[in-house]
Amino acid sequence: MNLLLLQPEDLSPERRFTVTGERAEHIRTVLRTGIGETVKAGFLNGKTGSAVLLEIEKGRAVLQAEEFTTPPPEKLPVSLVVSLPRPQSFKKVLHFAVSAGVKDLIFTHSARVEKSYWNSAALSPENIRKEIVEGLEQGFDTRPPNLRFFRYLKEFLESSGELFPEESEKIIAHPGRSAGEIHPGKGHLVLAVGPEGGYVESEVRAFSDRGFTPVSFGNHILRVEFAAAFITGFLTGRRR
């Protein structure tokens, strides 16, 4: 936890707030913050600053917020489109995208996605919120990505023209051009990552019809969460 994330309603009129559970234990046993010392903090969707530790005991900490005046980091101009993976991988993709500052995160269905994944408890609002908070605190950010779900790939593709800036560079991770030939510009990047078995050919054609370029990122088959992180980092690092 690099940033203690708060909501404005967490504050008392005296600008005090109480943290319990794992987050309090992190302050006590990992950060080892002493009474009178500060912890970096910020408001959800707001600015960052610091808070002074007033009380600390096992599972509970009381802090007083100072003024939060520093804006959060700029978002990466990246929209990450991922075929919904198994629940544990879903949480890791979500955590990566949030902590890395990805602007948009979209989960879709595709032919090789098991329908049962859509009924996973990992997709409950409570569990998604937990992962988002942990990702923001890890990435020292206060603004989560725009998160969307499409139960049908066709629905996503039909909406894709309205979801992204007009001049976006669109890439689908699939055998095609070599990644070594790709040097994205400074504009918005849209990256589509399929399931571990890959997209079927009809899906690749559908993406291509919507302006996506198939690009190969090597012969090794990665888990979805690793592929999403590796390819996003690779492409953003090669911007012209």
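Provided above is the structure to which this section pertains.
Residues numbered from 1 in each chain as written. Predicted model: local features only at pLDDT ≥ 70, side-chain atom pairs only at ≥ 80, totals over all residues. Heavy atoms only, no water.

**Q** Give a detailed account of the nonpolar core, specifying residues and quantitative values.
**A** Core analysis: the biggest nonpolar cluster contains 36 residues, and L80, L84, F90, L105, I171 and L235 have the highest contact counts within it. Taken together, the elements giving at least two residues each to this core come down to β6 (76-83), α2 (87-100), β7 (102-108), α3 (125-139), β10 (189-193) and α6 (224-237). The element contributing the most residues to this core is α2, with 6 residues. Ignoring sequence-local partners within four residues, the contact set of L235 consists of I171, I182, P184, L189, L191 and F217. Counting residues in each nonpolar core, the second largest holds 17 residues, with L6, V19, A24 and F43 among its members. (Core = buried A, V, L, I, M, F, W, Y, C linked by side-chain atoms within 4.5 Å. Buried < 20%, exposed > 50% of the residue type's maximum accessible area, 1.4 Å probe, protein only. Helix = DSSP H or I, 4+ residues; strand = E, 2+ residues; numbered from the N terminus. Contact = heavy atoms within 4.5 Å.)

**Q** Could you give me a rundown of the pairing of β7, with the residues and numbers involved?
**A** Here β7 lies mainly inside the structure; 6 of its 7 residues are buried. Summarising the sheet, β6 and β7 pair through 6 bridges and their orientation is parallel. By the bridge assignment, S79 is partnered in β7 with D104. In this fold, the crossover linking β6 to β7 by way of α2 has right-handed handedness. As judged from the 5 bridges shared by β7 and strand β8 (residues 146-150), these two strands associate in the parallel manner. Bridging across to β8, L105 finds its partner in L147. (Pairing = 2+ DSSP bridges. Right-handed = clockwise from strand over helix to strand, strands pointing away.)

**Q** Tell me what's going on with the environment of T69, and back it up with residues and numbers.
**A** Tracing the chain through its elements places T69 in the loop between β5 (60-65) and β6. For the pair T69 and G42, spaced 27 residues apart in sequence, the C-alpha to C-alpha distance is 9.2 Å. Here T69 is in contact with K47 and T48, once residues within four sequence places are set aside.

**Q** Can you break down the sheet that holds strand β2 (residues 16-20) residue by residue, with the values?
**A** Taken together, the 5 strands give an open sheet; going across it, the order is β1-β3-β4-β5-β2, and neighbouring strands pair in mixed fashion. Edge strands, defined here as strands with exactly one partner in the open sheet, are β1 (4-6) and β2. Recorded for the sheet is a direction-independent mean angle of 40 degrees between the axes of neighbouring strands. Pairing between strand β4 (residues 48-57) and β5: 6 bridges, direction antiparallel. Its bridge partner lying in β5, L53 is registered against L63. (Axes fitted to C-alpha atoms, helices over the stretch in contact; angles between N-to-C directions.)

**Q** Now, about helix α4 (residues 153-163): what can you tell me, with residues and values included?
**A** Burial in α4 covers these residues: L153, F156, L157, S160 and L163. Projection of α4 onto a plane perpendicular to its axis shows the buried side chains occupying an angular sector of 115 degrees, all on one side. The exposed residues of α4 that point more than 90 degrees off its buried face are K154, G161 and E162. Buried residues along α4 sit in contact with β6, β7, β8, β9 (169-178) and α5 (201-209). (Arc of directions from axis to C-beta.)

**Q** Got a sec to walk through helix α1 (residues 21-30)? Specific residues and values, please.
**A** Every buried residue belonging to α1 is among A24, E25, H26 and I27, and all of these are buried. Buried-residue contacts for α1 involve β1, β2, β3 (38-43), β4 and β5. The first or second residue beyond α1 is R32, which carries a positive phi of 55 degrees.

**Q** Lay out a nonpolar patch on the surface in plain terms, naming residues and giving numbers.
**A** Taken together, L222, F226 and F230 make up a surface patch of nonpolar side chains, about 290 Å² in accessible area. Relative to the elements of secondary structure, F230 occurs in helix α6. For F230, a relative accessible area of 42% translates into the label partly exposed. (Patch = residues over 30% accessible without salt bridge, like charges linked within 9 Å, V, L, I, M, F, W, Y side chains within 5 Å. Areas by Shrake-Rupley, 256 points an atom, 1.4 Å probe, with all protein chains shown as cover. Salt bridge = Lys/Arg side-chain N within 4 Å of Asp/Glu carboxyl O.)

**Q** Go over the pattern of salt bridges, please, and point to the residues and values.
**A** According to the stated counting rule, one finds 7 salt bridges in the structure shown. Between E25 and R28 there is a salt bridge whose closest N-O contact spans 2.8 Å. Placement of the pair is E25 and R28 together in helix α1, with a separation of 3 residues, close to one helical turn. Residue E134 pairs with K130 through a salt bridge whose shortest N-O separation is 2.8 Å. Highlighted residues: E134 and K130, both in helix α3, separated by 4 residues, approximately one helical turn.

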